[in-house]
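# Chains, contacts and geometry: an overview
Each chain, letter by letter, is given below.
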Amino acid sequence: MTFLTVVYALLFYVATGVLLFGLGYKIRLYWKTPQPLKIPTTPAPVTTGGVVLRMLKEVTVFASLFKGNKWTWLFGWTFHAALLVVLLRHLRYFQEPVWEWVRLIQPFGKYAAFAMLGGLVGLWARRFLVDRVRYISAPSDHLMLALLLGIGISGASMTFVAHADIVSLKAFFLGLMRFDWQPLPADPLLLIHLLLVATLMIVFPFSKLLHAPGVFFSPTRNQVDNPRERRHIAPWAEELERKERQQAAAG
Amino acid sequence: MAEFDIPELKEYPIVPHIKPGAMEHSKPFVAKPEFQEPLGYPGELVDNWQQVAIEKLGELKGKYRSLQVFLDACVKCGACTDKCHYYLGTADPKNMPVARQDLLRKVYRRYYTFAGKYFPKLVGAVDLTREVLDDWYAYYHQCSQCRRCSVYCPYGIDTAEISMAAREIMDSIGLGQKYCNEIIGKVFKIGNNLGLPEPALADTLEGLEEEVYEDTGVKVRYPLDEEGAEILLVTPSADFFAEPHVDGLIGYGKVFHEAGVSWTLSSYASEAANFGMFIGSYENMRRVALRIREAAIKLGVKRIVFGECGHAWRVAYSFLNTLAGPFDFLDPNYPVPQHICEFTYDLIQQGRLKFDKSENDHMVLTFHDSCNVARASRMGNFPGGQFVIPREIIKATCNHFYDMDDWGIKEATFCCGGGGGLLTDDLMEIRIKGALPRMEALKDVVENYGVTHMAAICAICKSQFTKVLPYYGFTMDQIVSVHQLVSNAIILTRGKDEPGDEADTAEAA
Ligand code: HEM
Ligand code: HEM
Ligand code: SF4
Ligand code: SF4
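Residues numbered from 1 in each chain as written. Chains lettered and ligands numbered in written order. Predicted model: local features only at pLDDT ≥ 70, side-chain atom pairs only at ≥ 80, totals over all residues. Heavy atoms only, no water.

Residue and element names in this part refer to chain A. Protein coordination of the iron atom of ligand 1 is provided by His-80 (NE2) and His-211 (NE2), with donor distances spanning 1.9 to 2.0 Å. Classification of the site at the iron atom of ligand 1 rests on its six donor atoms, whose angles at the metal span 86 to 180°, yielding the label octahedral. Pair noted here: His-80 is in helix α4 (residues 70–90) and His-211 is in helix α11 (residues 211–217), with a separation of 131 residues, a long-range link. Here His-80 falls in the partly exposed class, since its relative accessible area comes to 30%. (Donors = N, O, S within 2.8 Å, 3.2 Å for Na, K, Ca; no water. Tetrahedral: all angles 85-135°; square planar, octahedral: opposite > 155°, others 65-115°. Helix = DSSP H or I, 4+ residues; strand = E, 2+ residues; numbered from the N terminus. Buried < 20%, exposed > 50% of the residue type's maximum accessible area, 1.4 Å probe, protein only.)

Moving on to helix α20 (residues 436–449) of chain B. Along an α-helix, a turn takes 3.6 residues, which lines up residues three or four apart on a common side. All names here are of chain B. Counted at 1.5 Å a residue, the expected span for α20 with its 14 residues is 20 Å, and the 20 Å between its end C-alpha atoms agrees. Burial in α20 covers these residues: Leu-436, Pro-437, Arg-438, Met-439, Glu-440, Ala-441, Leu-442, Asp-444 and Val-445. The inward-facing, buried residues of α20 abut α4 (85–90), β5 (365–367), α19 (428–434), β6 (453–456) and α21 (459–468). Directly after α20, the chain includes Gly-450, whose backbone phi takes a positive value near 70°. (Expected span 1.5 Å × (residues − 1). Contact = heavy atoms within 4.5 Å.)

Helices that pack against each other are described as a pair by the angle of their axes relative to one another and the distance between those axes. Residue and element names in this part refer to chain B. Where helix α13 (residues 245–259) contacts helix α22 (residues 482–489), the axes come no closer than 7 Å and their chain directions differ by 55°. Our classification of the angle between α13 and α22 gives oblique. Considering how the two elements wind past one another, α13 and α22 form a crossing that is left-handed. Two secondary-structure elements touch here, α13 through Asp-247, Gly-248, Ile-250, Gly-251, Tyr-252, Lys-254 and Val-255 and α22 through His-483, Gln-484, Val-486 and Ser-487. Here the residues of the contact of α13 with α22 sort into four nonpolar, five polar and two charged. (Axes fitted to C-alpha atoms, helices over the stretch in contact; angles between N-to-C directions. Parallel < 35°, antiparallel > 145°, perpendicular 65-115°, else oblique. Left-handed = near helix turned anticlockwise from the far one by under 90°. Nonpolar A, V, L, I, M, F, W, Y, C, P; charged D, E, K, R; others polar.)

All names here are of chain B. The four strands lie next to each other as β2-β1-β3-β4, forming an open sheet whose pairing is parallel. Two strands close off the open sheet at either side, each with one partner strand: β2 (263–264) and β4 (338–339). Here strand β3 (residues 303–306) runs beside β4; their pairing, made up of two bridges, is parallel. The partner of Val-305 across the bridge, within β4, is Gln-338. Where α13 meets the sheet, it contacts β1 (231–234), β2 and β3, and its direction lies at approximately 170° from that of β1. (Pairing = 2+ DSSP bridges.)

Right, let's talk about helix α11 (residues 178–189) of chain B for a bit. Residue and element names in this part refer to chain B. Across its 12 residues, α11 extends 16 Å between first and last C-alpha, which sits within 8% of the 16 Å expected from 1.5 Å per residue. By the burial criterion, the buried members of α11 are Tyr-179, Cys-180, Asn-181, Ile-183, Ile-184, Gly-185, Val-187 and Phe-188. Residues of α11 that are buried sit in contact with α1 (33–36), α10 (159–172) and α14 (282–299). One or two positions beyond α11, positive phi appears at Gly-191, with a value near 120°.

All names here are of chain B. Here chain B is described as being made up of domain 1 (33–176) and domain 2 (184–402 + 451–489). Distance between the C-alpha centres of domain 1 and domain 2: 32 Å. Summed over both sides, the interface of domain 1 with domain 2 buries roughly 1300 Å², with 45% coming from carbon and sulfur. For the interface between domain 1 and domain 2, the tally reads zero salt bridges. There are nine residue pairs in polar contact (both at pLDDT 80 or more) connecting domain 1 and domain 2. Of all elements in the fold, only α9 (148–152) and α10 reach the threshold of two or more residues within the side of domain 1 that touches domain 2. At five residues, the largest contribution of residues to the side of domain 1 that touches domain 2 is made by α10. Of the residues in the side of domain 1 that touches domain 2, the class split is seven nonpolar, one polar and seven charged. (Domains from an automatic or database assignment. Buried area = accessible area lost by both parts, 1.4 Å probe. Salt bridge = Lys/Arg side-chain N within 4 Å of Asp/Glu carboxyl O. Polar contact = N/O pair within 3.5 Å; in protein donor to acceptor, adjacent residues only side chain to side chain.)

Below, the discussion takes up the site of ligand 1. Around ligand 1 sit 23 residues in total, of which A:Gly76, A:His80, A:Arg127, A:His211 and B:Tyr155 are the nearest. Lying at an intersection of chains, ligand 1 is approached by residues of chains A and B. At a separation of 2.7 Å, a nitrogen atom of ligand 1 approaches a polar side-chain atom of A:His80. Take A:His211: an N or O atom from its side chain is 2.8 Å from a nitrogen atom of ligand 1. (Near = heavy atom within 4 Å.)

Our focus in this paragraph is the pattern of salt bridges. Tallied over the full model, the rule gives 35 salt bridges over all chains. When the shortest N-O distance is used, the salt bridge between A:Glu239 and A:Arg242 registers 2.7 Å. Here A:Glu239 pairs with A:Arg242, and both are found in helix α13 (residues 235–250), just three residues apart, close to one helical turn. For A:Arg242, a relative accessible area of 36% translates into the label partly exposed. Between B:Asp127 and B:Arg110 there is a salt bridge, with its nearest N and O atoms 2.8 Å apart. Pair noted here: B:Asp127 is in the loop between α7 (120–123) and α8 (130–139) and B:Arg110 is in helix α5 (residues 97–112), with a separation of 17 residues, a long-range link. By relative accessible area, which is 21% here, B:Arg110 ends up partly exposed. Members of the salt-bridge network, linked through shared partners, are A:Arg231, A:Glu241, A:Glu244 and B:Arg286.

Attention shifts here to the interface of chain B and chain A. Contact with chain B, which involves 79 residues of that partner, is made by 61 residues of chain A. Taking both sides of the interface into account, the surface hidden between chain B and chain A amounts to around 5600 Å²; carbon and sulfur atoms contribute 57%. On the chain B side of the interface with chain A, the three residues burying the most area are B:Arg65, B:Tyr282 and B:Thr322, jointly 12% of the side's total. The interface formed by chain B and chain A includes seven salt bridges. Here A:Arg132 ties to B:Asp82 by a salt bridge, and the two come within 3.9 Å at their closest N and O atoms. The interface formed by chain B and chain A includes 40 residue pairs in polar contact (both at pLDDT 80 or more).

Every protein donor of the iron atom of ligand 2 is listed here as A:His90 (NE2) and A:His193 (NE2), and their distances to the metal cover 2.0 Å. For A:His90, a relative accessible area of 25% puts it in the partly exposed group.

Turning to empty space enclosed by the protein, a few remarks are in order. One water molecule sets the probe size; rolling that probe over the atoms shows where empty space is left. Taken as a whole and judged by the stated rule, the model has nine cavities of 30 Å³ or more. Quantified by volume, the largest cavity comes out at close to 190 Å³. Lining the largest cavity are 18 residues; nearest its centre among them are A:Leu37, B:Tyr64, B:Glu161, B:Met164 and B:Gly280. Broken down by secondary-structure element, the contributors of at least two residues to the lining of the largest cavity are α3 (65–73), α10, α14 and α15 (310–324) of chain B. Counting residues per element, the lining of the largest cavity draws most heavily on α10(B), which supplies three residues. Counted by class, the lining of the largest cavity contains 11 nonpolar, five polar and two charged residues. Residue assignment places the lining of the largest cavity across two domains, with domain 1 (33–176) and domain 2 (184–402 + 451–489) of chain B each supplying three or more. (1 Å grid on protein atoms, 1.4 Å probe; cavity = no way out; pocket = protein on both sides within 12 Å on 5 of 7 lines; lining within 4 Å. Points joined across faces, edges and corners; volume = space filled by probe spheres on them.)

Encoded structure:
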């Protein structure tokens with residue numbers, strides 16, 4: 001067992017732990033925090049089915065962003081769609097046997113890397129070229145794009161330039177999952193790729209990447225427009241009313 | 001006319017380049033202790049204000065999921081940056097919705113997130129200093145809580161929610177805004193924003209009855225505090241005397257007259273407005289709302305109808321059931337509450353109102369969608385009814401109606417510039433500049449379709465336009481109430497003993 005293997009093995013355990021616990025904590029927090037008032041941005045759906053549809057439109061085609069800014073939508077949607085394809089293609093490293101559809105998307109799926117990189121470059125360009133977007137960008141906003149570009153470029157280099165030893169890599173990750181460690185191939189591109197990926201996983205629950213779970217909890221998008229039909233009330237507001245009634249009864 | 005430049009009207013809103021600090025000086029008067037204390041806030045800035053503010057922020061994010069999620073989720077994509085009328089009118093980058101949110105978010109990050117505690121520079125987190133507080137006071141009072149930004153944000157982040165939270169935090173450290181807090185105090189003490197006491201109200205309504213009788217020869221009633229009436233009408237107090245508001249009130253009365261239902265106003269709840277929403281205070285908003293419930297119980301009414309007012313309709317439609325419900329003592333056959341436009345529209349649908357549209361032929365109309373009606377509430381039983389119903393009423397009562405361009409109506413509507421607690425003279429500059437996009441949209445229909453008047457269903461919009469239209473080369477009387485149009489065109493049914501004016505009325509069968 002090389003030192004490198006041990007470091008990366010531990011790194012990925014830590015990264016996975018941080019990602020899962022961090023996200024779990026945040027999702028629990030969003031879940032538990034009440035929304036005292038009905039605030040859907042109207043016109044809003046008047047049924048739960050309608051809300052599901054509205055949410056689906058937001059997460060699949062970024063409907064609101066499309067209304068908001070066509071360039072950002074184009075780059076942003078391209079990036080996310082490509083990211084999804086890339087991640088699905090990556091499933092093969094973590095399963096044995098590999099699902100049929102994951103096998104099927106391999107040959108053309110790899111070109112998604114270019115779409116992903118193109119989208120990221122477009123998004124980053126906006127942060128420099130549009131004065132309004134430049135103004136609102138903090139260093140972390142640039143770094144996040146740099147990180148993703150780094151992951152994309154190192155990954156694509158392996159796919160299109162210098163192939164990595166996929167068989168050993170897969171053995172390493174399956175080994176991690178089965179707690180039966182296998183050696184990690186010492187390929188520089190791969191090591192960079194994996195280091196950056198682990199960084200992304202660790203950063204995820206502490207950063208604006210919380211937009212991914214956040215969108216599902218956004219009251220302006222996930223509430224049904226039915227305040228007149230159904231009384232909506234938060235537990236802390238009920239408590240307030242109860243105390244008031246007690247006071248009134250007492251004095 | 002003013003000591004600042006009035007923006008020039010273009011064909012459509014042009015997104016300006018940023019001018020940092022352009023509106024830093026815009027700050028409303030601070031509330032004096034006597035306006036703070038009745039609302040449950042400290043009289044003036046407390047000594048340990050930083051600590052109190054940070055704790056308050058912690059409390060609020062635990063009570064409002066909106067705040068917690070919105071503070072975390074923004075990716076700084078920039079889609080909202082050119083959506084705010086105050087940015088378009090002033091070019092101050094802190095009037096970009098995301099930058100406005102960031103004023104609070106950077107403090108949230110500093111005290112409540114791992115990244116902000118240990119890497120503040122990296123994520124743009126800062127300590128809560130006096131400069132930050134000054135920025136809060138300036139820029140959270142340059143947001144009319146119109147929610148236009150929330151339409152375009154991929155996560156629906158609503159800057160209005162952030163502004164409300166920030167104002168609640170400022171109130172709780174003793175830094176309140178005079179205009180809002182003074183008005184809420186008046187509602188608690190006297191019953192309405194204007195501080196109009198019961199006798200004055202009774203007088204005004206009597207005057208209205210006489211005026212309408214003289215005009216039409218029909219005895220239309222404007223009752224106050226009549227127990228046992230079927231409907232309680234709650235309307236903004238501006239409706240009691242100001243132009244063009246009062247013409248709307250006259251219209252409501254005529255509609256009720258034709259519907260043949262008994263109705264009444266209440267001197268106890270003589271105000272539809274609820275500024276508790278503007279300052280983000282659940283408690284104060286609730287206290288104001290409860291007056292309506294109490295009035296409805298005391299008068300023994302069966303239905304509640306609201307007059308033309310934007311934010312009041314938001315509180316009524318979206319929040320009233322939450323704040324002051326359940327309304328199980330009212331007639332379950334009608335929604336609680338109803339908008340006067342819903343009421344009138346239903347009658348039109350049933351063919352129970354007759355109009356002589358030519359009475360409005362001296363006007364060519366357009367319609368200003370008020371933000372709180374458009375993006376924070378609904379009318380009727382289908383999504384978007386709030387756009388259809390007022391327009392159908394206008395079309396039923398007027399021959400000439402043209403909509404403004406799509407970029408400035410319906411869910412994309414631009415604020416009048418005076419909403420959200422900014423309708424005060426000490427904020428005149430931001431009000432005028434914020435009206436720019438609406439004025440551009442209006443100019444377009446004036447030039448292309450010969451539009452002469454803009455109708456609205458909000459007391460704040462009407463007051464704001466009365467004031468700012470002249471700055472842009474229009475006249476103050478170009479803003480009208482929707483029920484003013486109804487009032488002009490409606491053909492009243494004449495009772496046996498009412499001689500009437502043949503042109504205006506029809507004989508009762
Ligand atoms: C439910 C899943 C997700 C949804 C609906 C979603 C949606 C969006 C939207 C609408 C934007 C704004 C437009 C843009 O700038 O691209 C955005 C930005 C972004 N997303 Fe996501 N996203 C999701 C998951 C992810 C994940 C898993 C990642 C990271 C690995 C990610 C990374 C980013 C980044 C870095 C930005 C900011 C881009 C910039 O700097 O301009 N997103 N996301
Ligand atoms: C533990 C997780 C990951 C492992 C083991 C991994 C490994 C690899 C390997 C071995 C390749 C080369 C594929 C080939 O030669 O055909 C690759 C490519 C790539 N990786 Fe990753 N990667 C991981 C996570 C990620 C993540 C999270 C992203 C995106 C944010 C990403 C983005 C890419 C891209 C864009 C490519 C090139 C296109 C492709 O082959 O699909 N990788 N990755
Ligand atoms: S709510 Fe309206 S006024 Fe406030 S930031 Fe958003 S667009 Fe501007
Ligand atoms: S549109 Fe939403 S996510 Fe994008 S910068 Fe504005 S507030 Fe943030």
